Amino acid sequence: MSERVLIAVTGASGSAYALGLARALLAQQVGVDFIISKAALLVLATETELTLPPKPRAQAEFLTDYFSATEGQIRVFGREDWMAPWASGSGQPGPVVICPCSTGTLSAVATGASNNLIERAADVALKERRQLILVPRETPYSEIHLNNMLTLTRMGAVILPASPGFYHSPQSIDDLVKFIVARILNQLKLPQTLMPGWGEQAETSND
């Protein structure tokens, strides 16, 4: 499986966005790699009914079963796994999506901290001019947060806040999650049917 996307999950609220994105990618036979922080494990258990095991290999097996993925379609790397392909520009060339992205991770990426594999993978994406999408979930934003977003935008990253719209008349939380997942898929240039584009809904209703 040549095409892979890295989903780095941090401790910000919004675990459902990461799960929804993974589900959409896997449905298109895209390989999904995960890096899941310790804080993300706690948030995931708090916001959903999922309690992941602590070790990456066990997490990969759990998620493969949870998503009914094919063998090898999901890989999980530890935050200190410096031999992972995402840790080097000569390794995995795919897009990096930090979803959800905590403001602490946002700051670390903006300053090139690279203290763990999530930060290093983002740093590699920036230096290699590869696609980096950050999905922050915080409110309100401080000047520090906004400055970090501006810094990363100027570096070529995409800041895609987890701020769903309401023009599609959402009927459930899942509809709100799909809105953000659809926008991420649009950025990845992948087809999606989760959400009609602007104007498409009106065209459909006028048929």
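Higher on the page you've got the structure.
Calculation notes
- Residues numbered from 1 in each chain as written.
- Predicted model: local features only at pLDDT ≥ 70, side-chain atom pairs only at ≥ 80, totals over all residues.
- Heavy atoms only, no water.
- Core = buried A, V, L, I, M, F, W, Y, C linked by side-chain atoms within 4.5 Å.
- Buried < 20%, exposed > 50% of the residue type's maximum accessible area, 1.4 Å probe, protein only.
- Helix = DSSP H or I, 4+ residues; strand = E, 2+ residues; numbered from the N terminus.
- Contact = heavy atoms within 4.5 Å.
- Right-handed = clockwise from strand over helix to strand, strands pointing away.
- Pairing = 2+ DSSP bridges.
- Phe/Tyr/Trp six-rings, centres within 6.5 Å; stacked < 30°, edge-to-face > 60°.
- 1 Å grid on protein atoms, 1.4 Å probe; cavity = no way out; pocket = protein on both sides within 12 Å on 5 of 7 lines; lining within 4 Å.
- Points joined across faces, edges and corners; volume = space filled by probe spheres on them.

(A) Examining the nonpolar core more closely. In terms of nonpolar packing, the biggest core is built from 42 residues, with Ile7, Leu25, Phe34, Val97 and Ile184 touching the most fellow members. Looking at which element gives the most residues to this core, the answer is helix α1 (residues 15–27), with 8 residues. If near-sequence neighbours (up to four positions away) are discounted, Phe34 is found in contact with Leu6, Ile7, Val9, Ala22, Leu63, Phe67, Ile74, Arg75, Val76 and Phe77. Among the nonpolar cores identified, the runner-up in size contains 25 residues, and Val96, Leu106, Ala125 and Leu152 belong to it.

(B) Seen up close, the pairing of strand β2 (residues 31–36). With respect to burial, β2 is a largely interior element, 6 of its 6 residues being buried. Of the two faces of β2, the one holding Gly31, Asp33 and Ile35 and the one holding Val32, Phe34 and Ile36 are both buried throughout. Read from strand β1 (residues 4–9) through α1 to β2, the crossover connection turns out right-handed. Here β2 runs beside strand β3 (residues 74–77); their pairing, made up of 4 bridges, is parallel. Its bridge partner being in β3, Ile35 is matched across the sheet by Phe77.

(C) Quick look at the packing of aromatic side chains. Tallied over the entire structure, the rule returns 2 aromatic pairs. Geometrically, the ring pair formed by Tyr167 and Phe179 is edge-to-face, given 5.7 Å between the ring centres and 75° between the ring planes. Here Phe179 lies in helix α7 (residues 173–187) and Tyr167 lies in the loop between β6 (158–159) and α7, a separation of 12 residues in the sequence. In this structure Phe179 comes out as buried when scored by relative accessible area, which is 5%.

(D) Layout of empty space enclosed by the protein. Per the counting criterion, the structure on display carries 2 cavities of 30 Å³ or more. Space inside the largest cavity adds up to approximately 90 Å³. Put simply, the parts of the chain that give the lining of the largest cavity at least two residues each are α1, β2 and α2 (38–47). For the lining of the largest cavity, the leading source of residues is α1, giving 3 residues.

(E) Quick look at helix α4 (residues 103–111). Those residues of α4 that sit buried are Thr103, Thr105, Leu106, Ala108, Val109 and Ala110. Tucked inside the fold, the buried residues of α4 contact β4 (96–101), α5 (117–127), β5 (132–136), α6 (143–155) and β6. Positive backbone phi, approximately 70°, marks Gly112, located one or two places after α4.

From the geometry alone we can't say anything about function, so treat these as descriptive.
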